[in-house]
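# A closer look at the structure
Listed below, chain by chain, are the residues.
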Amino acid sequence: MHIPDGFLDLWVCAVMYIISAAVIGYSAKKLKGKLEAPQVPLIGIVGAGIFAAQMLNWPIPGGTSAHFVGGAIAGILLGPYAGCLSMVSVLTIQCLVFGDGGITALGANIFNMAIVDVFVGYGIFKALRRYNQDVSLFLAGWIGIWLGAIAAGVEIGVSSIFAYGLMTTVPVMGIWHGALGIIEGIITMLAVRYVLIKQPDFVPLPKEVRG
Amino acid sequence: MVELAGTIKVISKLLRDFLVAEEYAYREGFLQGVDQKVKLMAILLLIVLAVSTQNIFFLLLLFLFSLAMVLLSNISLKLYLPRFGFIPLFAFIIVLPWIFLIPGQPVFTLLGLNVTMPGIMYVITFTLRVTACVSCISLLLFTTRVSDLLHTLKSLRIPDPLVDMFGLVYRYLFTFLSELERMLLGRECRVISDQGVIKNWRDGGKVVGNFLSRTFSRGENVCKAMRARGYDGSLKTYSRNDKIGIKSIVFIAFVMIMVGIWLVTRL
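Bear in mind that the values here come from a model prediction, so they are computed numbers and not experimental data.

### Brief notes about the overall build of chain A
When helices and strands are tallied, chain A shows eight helices and two strands. Counting helices and strands in the order they occur from the N terminus, chain A gives α-α-β-β-α-α-α-α-α-α. The buried share of chain A, reckoned over its 211 residues, is 64%. Across chain A, the fraction of contacts at a sequence separation of at least 24, relative to all contacts at a separation of at least 6, is 75%.

Below you can see the structure in the form of structure tokens.
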């Protein structure tokens, strides 16, 4: 889901950089004063863990395999603001050190995977947890990544540099990631449930940070 | 259960690609000697130029320029080109149907459909643009040490906590990849028969959950260790060369020539 350079118009890149920078700034502001300085590295270290877990190959019918993004997991376990910053760190290192995703498209990639995925995932979990925890975790993972993919479809679709229009890019990204997102939902549900059951007393960050 | 062979293959590829790039970043070469801030800004500028032009000549020239920089920087083309070859190929396949879809003068007929000249030009332009962009950013990956990159980001006024997080993601990624590999191998050793899809997926979820728990525990320990060593919210970064030397000036001149050509193609 990483958009490379050359797929987005310059104005789309600029708009996405501005929006992403604003959300990152807001997230940092919300955490200011709530985190002690030594807790800041934890966000980066959890990011490294999520990055490593993204390498896992999940077999799917048809002989192929899928990877998960982990934005919803970051949002649920660290809280939306710290989760967002954690995913921003992952995506920036992926872009500047490993060449995954373009440097002009970094703002868009951050918006899709570190903002939409994290905040939507967290919001769904928070809203539905009281009814059924497993269902809320599954929907958080699924819908988070699905809306992130649709956002990517919109960004590519409005770019004149890419000949396919919105009517093609949004359904293609929506249908494909709507199906792949089910895997993200299942992994989110299984993994977070394990953490919550096995270590109910362990919280990586204070409650006021996690929200 | 997650696919062990596939996962280890992905991890190995990531590490191999990184180690190849890292090895070149430590060698002597033209771009390795350019000031990191100049290099980062210049490469970003070149990519912006590529994204904002439709001129095939400029895009081809930019790609050739990046290859010339590769050779000047003592990087093997055999290792450089395969590193990013997949992305232009992917871009080419995605836009290929437009050779039929863009109306214009037919050049020849394929499968009963007219292949048009504007269609061919669009597909070539798009693929070339993506190739030039990916080649330019690969220059950065192959010629920049991560420690220098972090120092450059700090000197570009990216907030300290954010750059520290970038550094920690990089620093602990390899530790976690080894841990993940060990966990998967351990799990594989203990399983003697296939237990069906649902049980396998459930076990896979537990592995990820367990891995995340270990991540948090390790993160907490690292934070305590950092606090004990006097971490106050900002990690110190170092750079090899902070001065703009002759290589930087020559590189700026090359980039200015590219900007000049871009301006001429806009007229």
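### Let's talk about the confidence of the model for chain A
Here chain A shows a mean pLDDT of 87. Residues at 70 or above account for 90%. Across chain A, element-level confidence peaks in helix H5 (residues 106-128) of chain A with a mean pLDDT of 94 and bottoms out in helix H8 (residues 207-210) of chain A with 57.

### Some thoughts on the interface of chain B and chain A
The interface is formed by 64 residues belonging to chain B together with 49 residues belonging to chain A. Every element with two or more residues in the side of chain B that touches chain A is listed here: helix H1 (4-25), helix H2 (36-51), helix H5 (86-95), helix H7 (117-143), helix H8 (146-155), helix H9 (160-190) and helix H10 (197-228) of chain B. Residues that form the side of chain B that touches chain A fall into these classes: 43 nonpolar, twelve polar and nine charged.

### Thoughts on the pairing of strand S2 (residues 113-116) of chain B
When a strand is regular, its side chains alternate between the sheet's two faces. Relative to S2 of chain B, strand S1 (residues 106-110) of chain B is paired through four bridges, and the arrangement is antiparallel. Across the sheet, the residue bridging to Phe108 of chain B is Val115 of chain B, located in S2 of chain B.

### Considerations on H8 of chain B
For H8 of chain B, the buried fraction is high: seven of the ten residues fall into the buried class. Looking at H8 of chain B, one finds that the buried residues are Asp148, Leu149, Leu150, His151, Thr152, Leu153 and Lys154 of chain B. Those residues of H8 of chain B that are buried are in contact with helix H4 (80-96) of chain A together with H2 and H9 of chain B. Arg157 of chain B sits one or two positions beyond H8 of chain B and adopts a positive phi of about 70°.

### What about the domain arrangement of chain B?
All names here are of chain B. The assigned domain composition of chain B is domain 1 (4-145 + 241-266) and domain 2 (160-228). Counting residues at the interface gives four residues for domain 1, matched by four residues for domain 2. Of the residues in the side of domain 1 that touches domain 2, the class split is three nonpolar, one polar and no charged.

### So, H5 of chain A
Residues and elements named next belong to chain A. In a regular helix each residue adds 1.5 Å, so 23 residues correspond to 33 Å; H5 covers 31 Å between its end C-alpha atoms and thus fits that length. Most pronounced at Val116, the bend in H5 amounts to some 25°. Summarising burial for H5: 19 of the 23 residues are buried, a large majority.

### Considerations on the packing of H8 of chain B against H9 of chain B
Residues and elements named next belong to chain B. Contact geometry for H8 and H9: axes closest at 9 Å, N-to-C directions at 165°. With respect to their mutual orientation, H8 and H9 come out roughly antiparallel. The handedness of the crossing between H8 and H9 is right-handed. Contacts between H8 and H9 involve Val146, Leu150, Leu153 and Lys154 on the former and, on the latter, Asp160, Val163, Phe166, Gly167 and Tyr170. Tallied by class, residues from the contact of H8 with H9 come to six nonpolar, one polar and two charged.

### Some thoughts on the environment of Ala152 of chain A
All names here are of chain A. Relative to the assigned elements, Ala152 resides in helix H6 (residues 133-157). In this structure the C-alpha to C-alpha distance between Ala152 and Met113, which are 39 residues apart in sequence, comes to 9.3 Å. For Ala152, the contacting residues outside a window of four places in its chain are Met1, Ile3, Asn112 and Met173.

### Structural notes on unusual backbone geometry
All names here are of chain B. Positive phi, normally seen in glycine, also occurs at Asn74, with a value near 60°. Locating Asn74 in the fold gives a position in the loop between helix H3 (56-72) and helix H4 (77-84). For Asn74, a count of 14 C-beta atoms within 10 Å corresponds to the partly exposed category. Of note, the phi angle at Arg157 is positive, near 70°, even though the residue is not glycine. Structurally, the position occupied by Arg157 is in the loop between H8 and H9. Classification of Arg157 by C-beta neighbours within 10 Å gives exposed; the count is 7.

### Details of the pairing of S1 of chain B
Little of S1 of chain B is tucked away, with zero of its five residues classed as buried. Here S1 of chain B folds back onto S2 of chain B, and the loop between the two strands holds two residues, one of which, Leu111 of chain B, carries a positive phi near 55°.

### Focus on the nonpolar core
If you look at the biggest cluster of nonpolar residues, it comprises 152 residues, and the most contacted ones within it are Cys84 of chain A together with Val169 of chain B. Every residue in contact with Val169 of chain B, bar those within four places of it in the chain, is listed here: Gly44, Gly47, Ala48, Phe51, Ser89, Val90 and Ile93 of chain A.

Basis of the calculations
- Residues numbered from 1 in each chain as written.
- Chains lettered and ligands numbered in written order.
- Predicted model: local features only at pLDDT ≥ 70, side-chain atom pairs only at ≥ 80, totals over all residues.
- Helix = DSSP H or I, 4+ residues; strand = E, 2+ residues; numbered from the N terminus.
- Buried ≥ 20, exposed ≤ 12 C-beta atoms within 10 Å, placed from the backbone.
- Contact = placed C-beta atoms within 7 Å.
- pLDDT = per-residue confidence, 0-100.
- Nonpolar A, V, L, I, M, F, W, Y, C, P; charged D, E, K, R; others polar.
- Pairing = 2+ DSSP bridges.
- Domains from an automatic or database assignment.
- Expected span 1.5 Å × (residues − 1).
- Bend = angle between axes of the 7 residues up to and from the residue.
- Axes fitted to C-alpha atoms, helices over the stretch in contact; angles between N-to-C directions.
- Parallel < 35°, antiparallel > 145°, perpendicular 65-115°, else oblique.
- Left-handed = near helix turned anticlockwise from the far one by under 90°.
- Core = buried A, V, L, I, M, F, W, Y, C linked by C-beta atoms within 7 Å.

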